[in-house]
Amino acid sequence: MKLTLAEPRFLKESIIIISDLVSEGRFRITKDAIQLIAMDPANVAMVLFKMLSSSFTEYKLEKEVDIGVNLNSLKQVLRRSGPSDLISLEFDTQNKLKVQLKGRATRTFSLPLIELEEKEQKVPELKFPVKIMAPSEVLNDAIADADIVGESVSFIAETGRFTVKAESELNQATIDISEDENTKVTLEDGSKFRSKYSIEYLKKMINGSKIADSVAINFSTDYPLRLDYVAIDRVSLSFILAPRVDND
Amino acid sequence: MKLTLAEPRFLKESIIIISDLVSEGRFRITKDAIQLIAMDPANVAMVLFKMLSSSFTEYKLEKEVDIGVNLNSLKQVLRRSGPSDLISLEFDTQNKLKVQLKGRATRTFSLPLIELEEKEQKVPELKFPVKIMAPSEVLNDAIADADIVGESVSFIAETGRFTVKAESELNQATIDISEDENTKVTLEDGSKFRSKYSIEYLKKMINGSKIADSVAINFSTDYPLRLDYVAIDRVSLSFILAPRVDND
Amino acid sequence: MKLTLAEPRFLKESIIIISDLVSEGRFRITKDAIQLIAMDPANVAMVLFKMLSSSFTEYKLEKEVDIGVNLNSLKQVLRRSGPSDLISLEFDTQNKLKVQLKGRATRTFSLPLIELEEKEQKVPELKFPVKIMAPSEVLNDAIADADIVGESVSFIAETGRFTVKAESELNQATIDISEDENTKVTLEDGSKFRSKYSIEYLKKMINGSKIADSVAINFSTDYPLRLDYVAIDRVSLSFILAPRVDND
């Protein structure tokens with residue numbers, strides 16, 4: 001196997017974001033893409049990452065493989081890549097992942113593959129009656145706004161409008177996002193949908209804005225959230241987040 | 001009451017600076033201005049803030065009001081404003097302060113008003129025989145210079161010249177600031193005036209340089225200091241600082 | 001004695017770098033240069049600093065002197081200098097070092113001279129069969145690359161090629177630096193040379209890149225390393241680092 005990227009950015013940013021949620025991951029490498037599906041240790045969030053073979057300038061693969069990697073180690077290596085470095089990923093003979101960065105010098109890092117006990121994660125089948133397309137920055141701002149008030153945030157969708165709310169004992173924040181040329185709210189029917197999510201997790205997920213300028217926000221009432229960041233023909237990074245259900 | 005600002009900067013920077021010295025404050029809102037006078041918890045420093053109604057694009061006020069606000073909460077909200085956001089301040093029905101930031105989204109924060117036990121602070125009547133006008137950056141540099149040497153600083157004024165001095169057991173720093181086109185030293189008579197102040201407090205106060213490019217430095221021998229930062233027709237931010245008197 | 005510099009940069013950067021390795025130092029001031037030779041407290045590294053009198057716009061010296069200075073205090077003072085400040089160094093009557101920074105204000109710092117017990121450090125006589133000239137940034141990158149893997153690094157020189165290697169129990173990094181227009185590998189004979197050094201020390205030494213765009217890397221097998229950063233006609237900053245010899 002030898003895969004080469006002319007532009008480190010998408011792989012580098014994706015792994016930096018993912019390793020903030022999960023520390024180990026299993027990459028499935030097929031002739032079409034590199035894929036990773038991983039659950040966070042608390043079983044609250046899931047990451048779905050896919051990088052298409054068309055992103056690579058070289059994509060040699062004898063047979064499909066699954067490789068387990070420590071994502072923190074991989075992140076540290078990718079962080080060392082400059083914007084114009086060539087990156088290649090290879091197996092060497094000792095069952096290691098070789099990551100090579102080629103710039104002024106040629107830098108080769110060798111990372112041990114790790115055995116992952118659990119079976120491959122299954123992506124849950126989810127149906128979302130709500131889909132909001134918005135500039136990534138608008139969601140980033142809304143989460144940062146909510147963060148000064150509370151630990152969880154309510155997402156509320158109704159015709160033509162998406163609202164993000166947070167409240168603590170004392171303070172409240174309401175962020176109203178209306179439809180415009182860059183923001184579309186699509187609802188299955190005219191109802192109002194509302195669900196609550198953890199801000200701590202959302203703060204990690206919205207870093208997907210480094211991959212894509214817009215985000216698809218899918219959810220339903222008291223139901224998981226799915227955020228999709230897509231760079232067409234290159235990479236998609238999605239997150240699924242369990243809702244917070246109040247007992248009071 | 002509804003007050004709207006087209007340019008968040010002055011309010012945002014002022015509240016950030018003030019909240020570094022006092023955590024709660026009483027705003028008096030009259031037809032002419034928003035004013036705040038507050039004493040720091042250690043009774044060493046006083047803040048005088050005034051934002052003229054002419055700074056606002058909308059200034060609807062039924063009657064004069066006093067409102068007590070947690071300045072840290074207000075700071076956190078104002079920090080979330082972008083440079084071109086519209087900011088409006090309103091009372092809502094539940095005796096809360098509503099701060100609305102309008103950019104791509106409309107973000108509404110609701111902060112509880114707090115009851116302030118103490119009566120309104122009185123500004124002490126002070127007479128200053130020394131007044132120095134200097135670029136804010138010159139004072140900032142002098143305080144940063146002195147900070148590497150000691151915990152307090154002596155301000156010394158004499159004809160044509162302002163000197164800032166600090167000393168520790170071992171090291172000494174002397175900063176000589178002479179009159180020039182941007183720096184004027186005005187003395188009531190030809191004497192030499194000298195007083196000592198806490199660097200810790202001064203470091204917070206000189207952030208007034210974010211409001212104004214020049215500062216008025218008023219003091220007298222073993223007497224309080226008053227710093228004035230003024231953005232004409234908009235905002236003035238002043239600080240009064242008690243002198244440090246050595247017992248040795 | 002009075003020495004004046006029109007450009008603070010070289011002195012400022014040098015002292016910042018040196019004070020990261022040694023906290024006190026003895027400057028020998030002769031008619032040709034200011035020199036400092038110092039050993040780090042652990043006796044692992046040595047610093048050789050020389051600033052030529054030609055760097056100065058004024059260089060008045062009655063007789064050669066040795067002065068002991070706390071380098072952290074001197075660093076703090078020099079850090080306060082702006083890029084266009086005039087810096088002068090003087091003795092005052094009380095056996096103090098007076099450092100004056102002249103910009104918009106005139107700032108005078110007075111630092112006590114310290115008595116250094118030990119005799120002047122001798123620079124060991126070393127013979128280096130390997131000399132590599134490389135862009136400073138290439139060495140900086142190699143050390144930062146190695147730093148994510150281990151605590152020590154092997155330098156390996158062979159004909160036409162310089163390699164930096166690090167390994168931990170699990171991970172490995174190999175940085176291959178080939179000869180090109182900016183990189184030259186000079187060997188005394190055709191052998192291969194190899195030695196190991198502490199990354200912790202190297203990370204401090206490579207800050208010499210702030211003084212010079214290229215670095216001379218001198219070493220031999222299981223032998224000290226010497227790095228030379230030279231700004232012609234102005235300043236040279238060299239470091240000697242003991243090798244790490246494995247016992248296993």
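Source: prediction; values computed, not measured. (Residues numbered from 1 in each chain as written. Chains lettered and ligands numbered in written order. Predicted model: local features only at pLDDT ≥ 70, side-chain atom pairs only at ≥ 80, totals over all residues. Heavy atoms only, no water.)

Some remarks on the overall build of chain A
Moving on, step 1. A count of helical and extended segments in chain A gives 4 helices and 18 strands.
Moving on, step 2. Against the globule reference of 18 Å for 248 residues, chain A gives a C-alpha radius of gyration of 19 Å, in line with a compact fold.
Moving on, step 3. Counting all 248 residues of chain A, 52% fall into the buried class.
Moving on, step 4. Of the roughly 11800 Å² that chain A leaves accessible, carbon and sulfur atoms contribute 43%.
Moving on, step 5. Computed over 33 positive and 39 negative side-chain charges, the inter-centroid distance for chain A is 6 Å. (Helix = DSSP H or I, 4+ residues; strand = E, 2+ residues; numbered from the N terminus. Rg over C-alpha atoms; globule rule 2.2 N^0.38 Å. Buried < 20%, exposed > 50% of the residue type's maximum accessible area, 1.4 Å probe, protein only. Areas by Shrake-Rupley, 256 points an atom, 1.4 Å probe, with all protein chains shown as cover. Lys, Arg positive; Asp, Glu negative; His and termini not counted. Charge placed at Lys NZ, Arg CZ, Asp CG, Glu CD.)

Observations concerning the relation of the copies chain C and chain A
Moving on, step 1. At an RMSD of 0.0 Å, chain C and chain A line up after a rotation of 120 degrees and a shift of 0.0 Å along the axis. Both copies are brought into coincidence by an operation consistent with a three-fold rotation axis. (Least-squares fit on C-alpha atoms with pLDDT ≥ 70 in both.)

Regarding the interface of chain C and chain B
By a widespread convention, an interface's size corresponds to the accessible area lost as its parts come together.
Moving on, step 1. The partner chain B presents 16 residues to the 14 residues of chain C that form the contact.
Moving on, step 2. Summed over both sides, the interface of chain C with chain B buries roughly 1300 Å², with 49% coming from carbon and sulfur.
Moving on, step 3. Summed over the three residues of chain C that lose the most area to chain B, namely Arg80(C), Arg104(C) and Phe109(C), the buried surface amounts to 39% of that side.
Moving on, step 4. Inspection of the region where chain C meets chain B yields 3 salt bridges.
Moving on, step 5. Note that Arg80(C) and Asp141(B) form a salt bridge whose closest N and O atoms lie 3.3 Å from each other. (Contact = heavy atoms within 4.5 Å. Buried area = accessible area lost by both parts, 1.4 Å probe. Salt bridge = Lys/Arg side-chain N within 4 Å of Asp/Glu carboxyl O.)

What about the packing of aromatic side chains?
What characterises a pair of aromatic rings is the spacing of the ring centres plus the angle enclosed by the ring planes.
Moving on, step 1. Summed over the entire model, instances satisfying the criterion amount to 23 aromatic pairs over all chains.
Moving on, step 2. Centroid distance Phe56(C) to Tyr59(C): 5.2 Å. Interplanar angle 65 degrees. Geometry classified as edge-to-face.
Moving on, step 3. Its relative accessible area of 9% is what places Phe56(C) among the buried residues.
Moving on, step 4. Taken together, the aromatic side chains of Phe155(A), Phe162(A), Tyr197(A) and Phe219(A) make up a single cluster linked through ring pairs. (Phe/Tyr/Trp six-rings, centres within 6.5 Å; stacked < 30°, edge-to-face > 60°.)

Describing the interface of chain C and chain A
Moving on, step 1. Listed per partner, the contact involves 16 residues of chain C and 14 residues of chain A.
Moving on, step 2. A buried area of about 1300 Å², summed over both sides, lies between chain C and chain A, and 49% of it is on carbon and sulfur atoms.
Moving on, step 3. At the boundary of chain C with chain A, the tally comes to 3 salt bridges.
Moving on, step 4. Between Arg80(A) and Asp145(C) there is a salt bridge, with its nearest N and O atoms 2.6 Å apart.
Moving on, step 5. Applying the counting rule to chain C against chain A returns 7 residue pairs in polar contact (both at pLDDT 80 or more).
Moving on, step 6. Residue assignment for the side of chain C that touches chain A shows that the elements contributing at least two residues are α3 (136-147) and β13 (172-178) of chain C.
Moving on, step 7. Per element, the largest residue contribution to the side of chain C that touches chain A is 6 residues, and it comes from β13(C). (Polar contact = N/O pair within 3.5 Å; in protein donor to acceptor, adjacent residues only side chain to side chain.)

Some remarks on the sheet that holds strand β2 (residues 24-29) of chain B
Residues and elements named next belong to chain B.
Moving on, step 1. The sheet built from 9 strands is open, its strands ordered β6-β2-β3-β4-β18-β17-β16-β10-β14 with antiparallel pairing. Each of the sheet's edge strands pairs with one partner strand only, and the pair in question is β6 (65-70) and β14 (184-187). Across this sheet, the average inter-strand angle for adjacent strands is 15 degrees, counted without regard to direction.
Moving on, step 2. For strand β4 (residues 45-52) and strand β18 (residues 235-241), the ladder comprises 7 bridges, and the chain directions are antiparallel. Paired with Met51 across the bridge in β18 is Val235.
Moving on, step 3. Here helix α3 (residues 136-147) sits on the sheet and contacts β10 (130-135), β16 (214-219) and β17 (225-231); the angle it forms with β10, its principal contact strand, is near 100 degrees. (Pairing = 2+ DSSP bridges. Axes fitted to C-alpha atoms, helices over the stretch in contact; angles between N-to-C directions.)

Description of the domain arrangement of chain A
All names here are of chain A.
Moving on, step 1. Domain boundaries in chain A define domain 1 (2-111) and domain 2 (130-241).
Moving on, step 2. Here the C-alpha centroids of domain 1 and domain 2 sit 28 Å apart.
Moving on, step 3. The interface is formed by 22 residues belonging to domain 1 together with 18 residues belonging to domain 2.
Moving on, step 4. Taken together, both faces of the contact between domain 1 and domain 2 bury some 1800 Å²; the carbon and sulfur share is 61%.
Moving on, step 5. Looking only at domain 1, the three residues that lose the most surface to domain 2 are Phe10, Ile17 and Leu48, adding up to 32% of its buried area.
Moving on, step 6. Glu7 is paired through a salt bridge with Arg234; the nearest N and O atoms lie 3.2 Å apart.
Moving on, step 7. Here domain 1 and domain 2 share 10 residue pairs in polar contact (both at pLDDT 80 or more) between them. (Domains from an automatic or database assignment.)

A short note on the packing of helix α1 (residues 9-18) of chain B against helix α2 (residues 71-79) of chain B
Residue and element names in this part refer to chain B.
Moving on, step 1. One way to put it is that α1 packs onto α2 with a least axis distance of 9 Å and a crossing angle of 145 degrees. Seen along the crossing, α1 lies across α2 with a hand that is left-handed. Contacts from Leu11, Lys12, Ile15, Ile16 and Ile18 of α1 reach α2 at Leu71, Leu74, Lys75, Leu78 and Arg79.
Moving on, step 2. Residue classes in the contact of α1 with α2 are distributed as 7 nonpolar, no polar and 3 charged. (Left-handed = near helix turned anticlockwise from the far one by under 90°. Nonpolar A, V, L, I, M, F, W, Y, C, P; charged D, E, K, R; others polar.)

A short note on the pattern of salt bridges
Moving on, step 1. Here the structure, examined in full by the defined rule, presents 36 salt bridges over all chains.
Moving on, step 2. With a shortest N-O distance of 2.9 Å, Asp66(B) and Arg28(B) are connected by a salt bridge. With Asp66(B) in strand β6 and Arg28(B) in strand β2, the pair connects residues that are 38 residues apart, well separated along the chain.
Moving on, step 3. Assessed through its relative accessible area of 33%, Asp66(B) is described here as partly exposed.
Moving on, step 4. Arg28(B) gets classed as partly exposed once you look at its relative accessible area, which sits at 30%.
Moving on, step 5. Where salt bridges share partners, they join Arg80(A), Asp85(A), Arg107(A), Asp141(C) and Asp145(C) into one cluster.

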